Amino acid sequence: MKRTISAMMGKGSLTHNSREFIAENVDPSRTHLNTEYCNEKIKDVYHELFDDAVARYNAKQKRKDRCIDDYYEKIRSGKQEKLFYEIVVQIGNKDDTGAMTENGALAATVLDEYMKDFQARNPTLRVFSAHLHMDEATPHLHIDFVPYITGSSRGVDTRVSLKQALVALGFKGGTRSETE
C-alpha cells in the first residue's frame, strides 16, 4: 500500500510539543509513547550560537547606539527574522497509518531514523527541540530549529537567516514561485 510523506512548516508551539500543554486531539493515556530527542531552552541556544559573534560586533562599534545588548531580544522584537522555525514530518494519514496500528509503528520507526541524523545532515539548522508524537491520530515529528549562518561580512558575523542557512545546504531559490 502506498503512503504519503508530508513535511510542512509548523506554528512552533513548544509547550504543545513538550506536552506542557495538552490539546484536545491528544490522548493523554498514550503520551508515555512519545519520544523526546531534545528540549533545550531557546535562549540558551541563542547564547551558545551568537554571544561570541555579538561580542566581536560590539567591539568594532564606534557608536554605542549600534551595540547589541541581547541578540535573542533583537530577533524576537524585530520583523526580519523569526526566533525559530518548525517542521512537522508525517507519514500517511489517520486512515492508513494510525498511531496504534502496525503501519503506525513502522512510520514511527522511519521517523525515528530520520530524526537521529537530522542535525548531521543539516548543520546550519540548530535543532533545540524535537519530539515524536504517538499520542495523536498519526505518528508525526516536530523539529524546532534556529537557522543560522557564519562568516557574514555585514553586521554580526554569525546570525539568524533561514534563506542563507538553506543556501549553505544547497537549496537556492530562484523566482518568486521557486523558493527554497
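So, here is what we can say about the structure in this document. (Residues numbered from 1 in each chain as written. Predicted model: local features only at pLDDT ≥ 70, side-chain atom pairs only at ≥ 80, totals over all residues. Heavy atoms only, no water.)

With that out of the way, let us pick up a negative patch on the surface. Residues Asp-51, Asp-52, Asp-69 and Asp-70 make up a contiguous surface patch of negative charge. Relative to the helices and strands, Asp-69 resides in the loop between helix H2 (42–60) and helix H3 (71–77). By relative accessible area, which is 81% here, Asp-69 ends up exposed. (Patch = residues over 30% accessible without salt bridge, like charges linked within 9 Å, V, L, I, M, F, W, Y side chains within 5 Å. Areas by Shrake-Rupley, 256 points an atom, 1.4 Å probe, with all protein chains shown as cover. Salt bridge = Lys/Arg side-chain N within 4 Å of Asp/Glu carboxyl O. Lys, Arg positive; Asp, Glu negative; His and termini not counted. Charge placed at Lys NZ, Arg CZ, Asp CG, Glu CD. Helix = DSSP H or I, 4+ residues; strand = E, 2+ residues; numbered from the N terminus. Buried < 20%, exposed > 50% of the residue type's maximum accessible area, 1.4 Å probe, protein only.)

Time to look at unusual backbone geometry. With a phi close to 70 degrees, Arg-19 is a non-glycine residue in the positive phi region. Along the chain, Arg-19 turns up in the loop between helix H1 (14–17) and strand E2 (35–39).

Examined against the element boundaries, Pro-147 turns out to sit in strand E5 (residues 140–149). Judged by its relative accessible area of 0%, Pro-147 is buried. With 18 residues separating them in the primary sequence, Pro-147 and Ser-129 have C-alpha atoms 13 Å apart. Apart from residues no more than four positions distant in its own chain, Pro-147 is found in contact with Tyr-85, Thr-124, Leu-125, Arg-159, Val-160, Ser-161, Leu-162 and Ala-165. (Contact = heavy atoms within 4.5 Å.)

Turning our eyes to something else, we now look at the nonpolar core. Grouped together as the largest cluster of nonpolar side chains are 22 residues, with contacts concentrated most on Met-115, Phe-118, Val-127, Leu-141, Ile-143 and Phe-145. Broken down by secondary-structure element, the contributors of at least two residues to this core are strand E3 (85–91), helix H4 (102–116), strand E4 (125–133), E5 and helix H6 (162–168). In this structure, Ile-143 is in contact with Tyr-85, Glu-86, Ile-87, Tyr-114, Met-115, Phe-118, Val-127, Ser-129 and Ala-130, ignoring residues within four places of it in sequence. Membership of the second largest hydrophobic core comes to 19 residues, among which are Ile-42, Ile-68, Leu-83 and Tyr-148. (Core = buried A, V, L, I, M, F, W, Y, C linked by side-chain atoms within 4.5 Å.)

Moving on, we come to the pairing of E3. Of all seven residues making up E3, seven are buried, and the element is well covered by its neighbours. Residues of E3 alternate between two faces, with Tyr-85, Ile-87, Val-89 and Ile-91 on one and Glu-86, Val-88 and Gln-90 on the opposite face, all of them buried. Sheet topology note: the strand E1 (residues 5–9)/E3 ladder contains five bridges and is antiparallel. For Ser-6, the partnering residue across the bridge sits in E3 and is Gln-90. Looking at chain direction, E3 and E5 are connected through six bridges and run antiparallel. (Pairing = 2+ DSSP bridges.)

For the rest of this paragraph, the subject is the side chain of His-16. Among the secondary structure elements, His-16 is positioned in helix H1. Judged by its relative accessible area of 12%, His-16 is buried. Excluding residues within four positions of it along the chain, His-16 makes contact with Phe-21, Ala-23, Val-26, His-133, Glu-136 and His-142.

What follows deals with the packing of aromatic side chains. For the coordinates displayed, the defined rule picks out seven aromatic pairs. Between Tyr-46 and Tyr-72, the aromatic rings sit 5.4 Å apart at their centres with planes inclined by 90 degrees, giving edge-to-face as the arrangement. Remark: Tyr-72 occurs in helix H3 and Tyr-46 occurs in helix H2; sequence separation between them is 26 residues. With respect to class, Tyr-46 is no different from Tyr-72; both count as buried. Consider the rings of Phe-84 and Phe-128, whose centres lie 5.4 Å apart with planes at 90 degrees: the pair is edge-to-face. In this pair, Phe-84 is assigned in the loop between H3 and E3 and Phe-128 in strand E4, connecting sequence segments 44 residues apart. Phe-128 gets classed as buried once you look at its relative accessible area, which sits at 0%. Above the face of the Tyr-114 ring, Arg-121 is positioned so that its terminal group lies 4.6 Å from the ring centre. (Phe/Tyr/Trp six-rings, centres within 6.5 Å; stacked < 30°, edge-to-face > 60°. Lys NZ or Arg CZ within 6 Å of the ring centre and 35° of its normal.)

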